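# Descriptive structure summary
What follows is the residue order along each chain.
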Amino acid sequence: MGLAGRLYRGETNIDFIGSRKRWYIASAVLVLICVGTMVFRGFNWGIEFSGGTSFVFKQPSGVTAEQVSETVEGAGGEVQTVQEAGRGADAKFVIKTASLNPAETTEVKEALAAEYDLAVNDITDNAVSSSWGGQVTDKALIALVVFLVLVAAYLAIRFETKMAIAALLALLHDLMLTAGAYSIIGFEVTPSTIVGLLTILGFSLYDTVVVFDKVSEDTRGIVGGSRVDYAEAANNAVNETLMRSINTSLISLLPVGGLLFVGAGLLGVGTLKDLALVLFVGLAAGAYSSLFLATPWLVDMKEREPRYKALKERVRARRAAAAKAAAETPEVDEAKAADETTADETESDDREPATAAAGSGSNRASSTGRPQQQRRRPGGNRPGRAGGSRKKR
């Protein structure tokens, strides 16, 4: 309950800002890997973007994807992908080939029907022009640009320009990682992928806005003081919103993970994996960037301002003075103790002569053999006599 309780109460003290160089290096490595994969390997574009012909039919018992691919290529079709959708009695083959004319399409269908004892009408074909995919791409890019412009304007008005820049940089980072994951894994890029990308944009910005709202609240008015600098106040804000970010990310990732690992992985629903993968990677990247990248980038930009530079210097000077005072305090106590010891020794030395004189008088009395008698007061009574004076006879 220790860590969980601190997370729940927002009492963690993780140094997100002080360790930001580590996050920068890790993110730079991931982005470089993704860019290299996209450049040298490219994407597996779906039929909606590359154009071509698709065939869908019920999966015959005991038939594999490799056998179906050989049958189609034997009929003159250039197979791009063969997918298995569904399980059990609902299992189907989805075959995508390069563009075929009507005669070639009919020949492929007849070859499949003859090979696997199917009716020609049981095989569904669909021809898609590559121009349609180009139109989808253009509209998606327009939607993305409009979305980014509106979001940047909102963040600049609601918070400030530097927060808008940091949020958009984090968003670009999330897009690069998601696109790189598609290139590495080799999943098809379909219209569902575009829908998923637009969805994760909103989620990534939502989480970042929540963190920035707390940063704005905690850093308000700190320029006039000298207790904490901007980086420390921002780090405290991230820690205070850490549990909220974790809860939001988990609630979003669990159902998406169910779609990806259960729906597409265990149940074999291939039509879900395009949407599920982009959502899963995008949501995870958005949660990471809002905590480890967006706020540190904001701190780097803010600490270049003269007022926050001056604040940082004041905080350092105050802490240095406090540390110096704390270091000098034990020395003062030791000096005081040394002075008291010296005073005690001096006082002891002053008492020694008097004690010695008293001792020497006692020795003199003992050397005569008779103890010294106490001096009588004038008019006092003598011992052994009654009355105060002697009578004459």
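As the structure is a prediction and not an experimental result, all values here were calculated from the model. (Residues numbered from 1 in each chain as written. Predicted model: local features only at pLDDT ≥ 70, side-chain atom pairs only at ≥ 80, totals over all residues. Heavy atoms only, no water.)

Attention shifts here to the overall build of the protein. Scanning the protein from terminus to terminus reveals 12 helices and 6 strands. In the protein, which comprises 393 residues, the share counted as buried stands at 37%. Long-range contacts, defined here as pairs at least 24 residues apart, represent 77% of the contacts in the protein between residues at least 6 apart. (Helix = DSSP H or I, 4+ residues; strand = E, 2+ residues; numbered from the N terminus. Buried < 20%, exposed > 50% of the residue type's maximum accessible area, 1.4 Å probe, protein only. Contact = heavy atoms within 4.5 Å.)

Counting buried residues along strand 2 (residues 52-58), 5 of its 7 residues qualify, which places the element largely inside the surrounding structure. Strand direction decides the pairing type here: strand 2 and strand 5 (residues 124-128), joined by 5 bridges, are antiparallel. Bridge assignment links threonine 53 to a residue of strand 5, and that residue is alanine 127. Judged from the 6 bridges that link them, strand 2 and strand 4 (residues 92-97) form a sheet pairing that is antiparallel. Following the sheet pairing, serine 54 is matched in strand 4 by lysine 96. (Pairing = 2+ DSSP bridges.)

Before going further, it helps to examine the pattern of salt bridges. In total, this model carries 13 salt bridges according to the counting rule given. Ionic pairing is found between glutamate 160 and lysine 302, a salt bridge with its closest N-O pair at 3.0 Å. Here glutamate 160, found in the loop between helix 6 (130-158) and helix 7 (161-185), pairs with lysine 302, found in helix 11 (residues 270-302); they are 142 residues apart in sequence, far enough to count as distant. Residue class for glutamate 160 comes out partly exposed when judged on its relative accessible area of 23%. Across the salt bridge formed by glutamate 305 and lysine 162, the nearest N and O atoms sit 3.1 Å from each other. Within this pair, whereas glutamate 305 is found in the loop between helix 11 and helix 12 (306-368), its partner lysine 162 is found in helix 7, the two being separated by 143 residues in sequence. What you see here is one network of salt bridges that share partners, running through Glu160, Lys162, Lys302, Glu305 and Arg307. (Salt bridge = Lys/Arg side-chain N within 4 Å of Asp/Glu carboxyl O.)

Once that is clear, we can look at the environment of threonine 81. Residue placement: threonine 81 occurs in strand 3 (residues 79-85). Along the sequence, threonine 81 and serine 54 sit 27 residues apart, while their C-alpha atoms lie 9.4 Å from each other. Those residues in contact with threonine 81 that lie beyond four places of it in its chain are Asn44, Val94, Ile95, Lys96 and Glu188.

So, on to helix 4 (residues 65-74). Buried within helix 4 are the following residues: Ala65, Val68, Ser69, Thr71 and Val72. Taken end-on, helix 4 shows its buried residues confined to a sector of 160°, consistent with a single buried face. Exposed and facing more than 90 degrees away from the buried side of helix 4 are Glu66, Glu70 and Gly74. In the core, the buried residues of helix 4 are packed alongside strand 2, strand 3, strand 4 and helix 5 (102-115). Where helix 4 ends, the next residue or the one after it, glycine 76, has phi of about 105°, a positive value. (Arc of directions from axis to C-beta.)

A word on the UniProt feature "transmembrane region" (unreviewed entry) in the protein. Per the UniProt annotation, the sites labelled "transmembrane region" (unreviewed entry) are residues 23-43, 140-157, 164-187, 193-212, 250-269 and 275-299. Its end C-alpha atoms 27 Å apart, residues 23-43 is made of 86% helix and 0% strand. Across residues 164-187 one finds 92% helix and 0% strand; the C-alpha atoms that close the span lie 32 Å apart. (UniProt positions renumbered as here; feature names shortened; annotations may be inferred.)

A few words on the sheet that holds strand 5. With antiparallel pairing, the 4 strands of this open sheet are ordered in space as 3-4-2-5. Every interior strand has two partners, whereas the edge strands, strand 3 and strand 5, have only one. Taking each pair of neighbouring strands and ignoring which way they run, the sheet shows an average axis angle of 15°. Against the sheet, helix 5 touches strand 2, strand 4 and strand 5, its axis set at about 25° to strand 2. (Axes fitted to C-alpha atoms, helices over the stretch in contact; angles between N-to-C directions.)

What follows covers a negative patch on the surface. On the surface, a cluster of negative charge is made up of Glu66, Glu70, Glu73, Glu78 and Glu84. If you tally residues by element for the negative patch, the top one is helix 4, at 3 residues. If you trace the backbone, glutamate 66 turns up in helix 4. (Patch = residues over 30% accessible without salt bridge, like charges linked within 9 Å, V, L, I, M, F, W, Y side chains within 5 Å. Areas by Shrake-Rupley, 256 points an atom, 1.4 Å probe, with all protein chains shown as cover. Lys, Arg positive; Asp, Glu negative; His and termini not counted. Charge placed at Lys NZ, Arg CZ, Asp CG, Glu CD.)

For the rest of this paragraph, the subject is the confidence of the model for the protein. Overall, the prediction assigns the protein a mean pLDDT of 78, with 77% of residues at 70 or greater. Per-residue pLDDT stays below 50 along residues 343-393; that stretch engages in 9 contacts with residues further than four places along the chain or on separate chains. (pLDDT = per-residue confidence, 0-100.)

We now examine the environment of glutamate 217. Topologically, glutamate 217 is positioned in helix 8 (residues 191-218). The sequence separation of glutamate 217 and alanine 233 amounts to 16 residues, and the corresponding C-alpha distance is 9.5 Å.

What follows concerns the nonpolar core. Membership of the largest hydrophobic core comes to 33 residues, with the highest contact counts inside it found for Leu155, Met163, Phe212, Val215, Tyr230 and Leu298. Counting only elements with at least two residues in this core, the list comes to helix 6, helix 7, helix 8, helix 9 (230-240), helix 11 and helix 12. Among all residues touching leucine 155, those that are not within four sequence positions of it are Glu160, Ala164, Ala167, Leu205 and Val209. The next biggest cluster of nonpolar side chains, apart from the first, holds 17 residues, and it includes Val136, Val189, Val256 and Val278. (Core = buried A, V, L, I, M, F, W, Y, C linked by side-chain atoms within 4.5 Å.)

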